[in-house]
Amino acid sequence: MSDSSPNGVPVSEAATLHLDGVEVAIEPGETILDLCRREGLEVPTLCHDDRLEPYGGCRTCLVDLEGAPRPVPACKTKAAAGMKLEASSKGIEAIRATMMDMFAADKKKLIAAGHTHFEDRNRFIGFNPSDCILCDRCVRYCDEVMQCNALEHVGQGDWGFIQPTDGKSFLDTDCELCGGCVSTCPTGALYDKQTTHEPDKSTRTVCTYCGVGCVIDLETFEGKVQKITAEVGVGPNNGDLCNKGKFAWEFIHHDERLTQPLIRGEDGKLHPTDWDTALKKVAAGLSEVKEKYGPDALGFLASSRCTNEDVYAIQKLARAVIGTNNVHSCAAT
Ligand code: SF4
Ligand code: SF4
Ligand code: SF4
Ligand code: FES
């Protein structure tokens, strides 16, 4: 085992360090950023995403490390015993502010180079290169989490830019339209094209498209969904979604969506009715079939959009009320 940290700071036996003059214990493997967050200290980040390998590209999370020749990125530097860190001094805050100014300057060069607009025929992901700060989160997410190669960082330094691979449409790359690049983008350069208003409310719920049970946030404006997001560190999905959970929400407010029960009349057409009438009609129809042909002449299929509780109630209806085991949910496959 090495007797010094990556920054040359001697590692003592006691696993503690000094953060803004206070001695704090270190947890194995944590970075300075992890430690600061655990201690309730806010350190700004731009290129960091907890789901990705530490990158250390933007330098907005710099902290002062005694003995190091220059400030170190908190997101990429492991906490080591004996370190003396300054994470909220006036000096370090001034450096972080300068880094933010430099991003603004970078953008001007990007605009001058003409990489300010990207038109794509895909319906879901929009890209506004003039808002891009080249943090590479989108490219790294696509590579590390999705194992896709749909985005690339072309060129270097101030003249570099992001684009779908080979400058094609997202639809002509191996993009799976998971929207993870949109979610991880810290500036909104990558955005959901379906959004028409800035959301004014967020409601946490569970995606009902399949049995994985991803935790999602419905971002709404005046009661209408504008986009779907997912929080990193929450639920089985840890901020990740598939294309259905992320983008397939248009049906919620679709004009042709059924909003009340319909009963087919003598004329062969469907007519709106109330729930009481509709449920009585269904009960009468099921009873009639059961009486004439027996319970196994009936089968029950639950939609994968149903909750577990709904599906439980449906199998109760099938087994206990009708008396058949012909029951299934497409979420089971
Ligand atoms: S939507 Fe997903 S697969 Fe497509 S470019 Fe973005 S991260 Fe990659
Ligand atoms: S598009 Fe967003 S995530 Fe990608 S490099 Fe630009 S700012 Fe970063
Ligand atoms: S987001 Fe995709 S994987 Fe997650 S629950 Fe919905 S359909 Fe399943
Ligand atoms: S967030 Fe640490 S270098 Fe970018």
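Structure: above.
This part covers the site of ligand 1. Close contacts around ligand 1 come from 15 residues, with Cys142, Ala150, Cys175, Cys178 and Cys181 the closest. Counting only elements with at least two residues in the shell around ligand 1, the list comes to helix H3 (137–144) and helix H4 (180–184). The residue inventory of the shell around ligand 1, partitioned by class, reads twelve nonpolar, two polar and one charged.

Turning next to the site of ligand 2. Around ligand 2 sit 13 residues in total, of which Cys132, Cys135, Arg137, Cys138 and Cys185 are the nearest. Looking at the shell around ligand 2 residue by residue, the class counts come to nine nonpolar, two polar and two charged.

Below, the discussion takes up the environment of Thr324. For Thr324, the location among the structural elements is in the loop between helix H7 (308–322) and strand S16 (327–329). In this structure the C-alpha to C-alpha distance between Thr324 and Pro295, which are 29 residues apart in sequence, comes to 5.5 Å. For Thr324, the residues in contact, after removing those within four places along its chain, are Pro295, Asp296, Leu298 and Ala318.

Residue alternation in strand S1 (residues 16–19) divides its side chains into a buried set, Leu17 and Leu19, and an unburied set, Thr16 and His18. As defined by bridge partners, S1 adjoins strand S2 (residues 22–25) across four bridges and the pair is classed as antiparallel. Note that in S2 the partner of Thr16 across the bridge is Ala25. In this antiparallel pair of consecutive strands, S1 and S2, the connection spans two residues, and Asp20 shows a positive phi of 50°. With two bridges connecting them, S1 and strand S5 (residues 84–86) associate as parallel partners.

Alternating positions in strand S8 (residues 161–164) separate cleanly, Ile162 and Pro164 being buried on one face and Phe161 and Gln163 remaining unburied on the opposite face. The pairing of strand S7 (residues 151–154) with S8 spans four bridges and is antiparallel. Of the residues in S8, the one forming a bridge with Leu151 is Pro164. In sequence, S7 turns back onto S8 through a hairpin of six residues, with Gly155 there showing a positive phi of about 75°.

Cut-offs applied
- Residues numbered from 1 in each chain as written.
- Chains lettered and ligands numbered in written order.
- Predicted model: local features only at pLDDT ≥ 70, side-chain atom pairs only at ≥ 80, totals over all residues.
- Near = placed C-beta within 6 Å.
- Helix = DSSP H or I, 4+ residues; strand = E, 2+ residues; numbered from the N terminus.
- Nonpolar A, V, L, I, M, F, W, Y, C, P; charged D, E, K, R; others polar.
- Contact = placed C-beta atoms within 7 Å.
- Buried ≥ 20, exposed ≤ 12 C-beta atoms within 10 Å, placed from the backbone.
- Pairing = 2+ DSSP bridges.

No statement about biological role is implied by the geometric values presented.
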